[in-house]
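A structural walkthrough
Here are the chains, one letter per residue:
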Amino acid sequence: MSRLKLRGGGSSVCFNIGFSANIVCEYLDFAVNNILFQRGLECPEDFSIIKKYDLSLFKMKEGETRDWLKSIFDDVRMLIHEGRLEKFSLVIIRNETKEIIERWDFVIKDDQKTPGNSNTGNKDLSRINLEIREVMRQITASVTFLPLLDFPCSVEVHVKNVPGTVMPPDWTNVDASIANAQKVLLKSFSTGYHAVATSVCFRDQ
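Let us look at the structure shown here. (Residues numbered from 1 in each chain as written. Predicted model: local features only at pLDDT ≥ 70, side-chain atom pairs only at ≥ 80, totals over all residues. Heavy atoms only, no water.)

1. Re helix H2 (residues 64–81)
In this model H2 runs 26 Å from its N-terminal to its C-terminal C-alpha over 18 residues, within 8% of the 26 Å that 1.5 Å per residue would give. Every buried residue belonging to H2 is among Thr65, Arg66, Leu69, Ile72, Phe73, Val76, Leu79 and Ile80, and all of these are buried. For H2, the angular spread of buried residues about the axis comes to 140°, placing them on one side. (Helix = DSSP H or I, 4+ residues; strand = E, 2+ residues; numbered from the N terminus. Expected span 1.5 Å × (residues − 1). Buried < 20%, exposed > 50% of the residue type's maximum accessible area, 1.4 Å probe, protein only. Arc of directions from axis to C-beta.)

2. Here we look at helix H1 (residues 17–38)
Count 3.6 residues to each turn of an α-helix, and residues three or four apart come out pointing the same way. The terminal C-alpha atoms of H1 lie 31 Å apart, and with 22 residues this matches the ideal 32 Å at 1.5 Å per residue to within 8%. H1 sits mainly inside the fold: 17 of its 22 residues count as buried. Positive backbone phi, at 65°, marks glycine 40, one or two positions downstream of H1.

3. Notes on the pattern of salt bridges
Where charged atoms from two side chains of opposite charge come close, those side chains can pair. For the coordinates displayed, the defined rule picks out 15 salt bridges. Ionic pairing is found between arginine 77 and aspartate 74, a salt bridge with its closest N-O pair at 3.7 Å. You can see arginine 77 and its partner aspartate 74 sitting in helix H2, three residues apart, about one turn around the helix. For arginine 77, a relative accessible area of 31% gives the class partly exposed. Judged by relative accessible area, which is 38%, aspartate 74 ranks as partly exposed. We note a salt bridge from arginine 203 to glutamate 99, for which the minimum N-O separation is 3.0 Å. (Salt bridge = Lys/Arg side-chain N within 4 Å of Asp/Glu carboxyl O.)

Shown next, in the form of structure tokens:
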């Protein structure tokens, strides 16, 4: 079994692709919670403040939404570990018209296949956390340019599988589009096993 050796906090930490999948899944979980809070999609009192990546981030308290997210990320972790997930999307839908008005995409690639990747097999853990922190800051700052959501909305999770792989029976392969959308690319991060690129597509209301 191939393993990565990460140096963080002055010590070396060995982990395999499963641990890398955990890092990516944890990022997705915090990113989705941050989006739900920043875009006003859940009541502020339903969130707790959690210290992560040297940031104060918002995470849903126990309840229906938290249970829904937990069930999703249990499957997502497995799909990333097995190399079956290519894109994870959080889709925001206007309830009145059923239109998709905003979509957050997280594209996951096999970083070991990235040409010129010198981090395969060895990447500093503090560097990974720094890269994730920069993306989280951009997600938080997105409210400065995204349209105000001043109408009832709902959210869905869409996934796209890696070509040649099969999704679990209860998952549908969806790649939703937004007509005349603007797209903003955020920073990316990598673990040495996985590279994650984050972007948001939206349409001015």
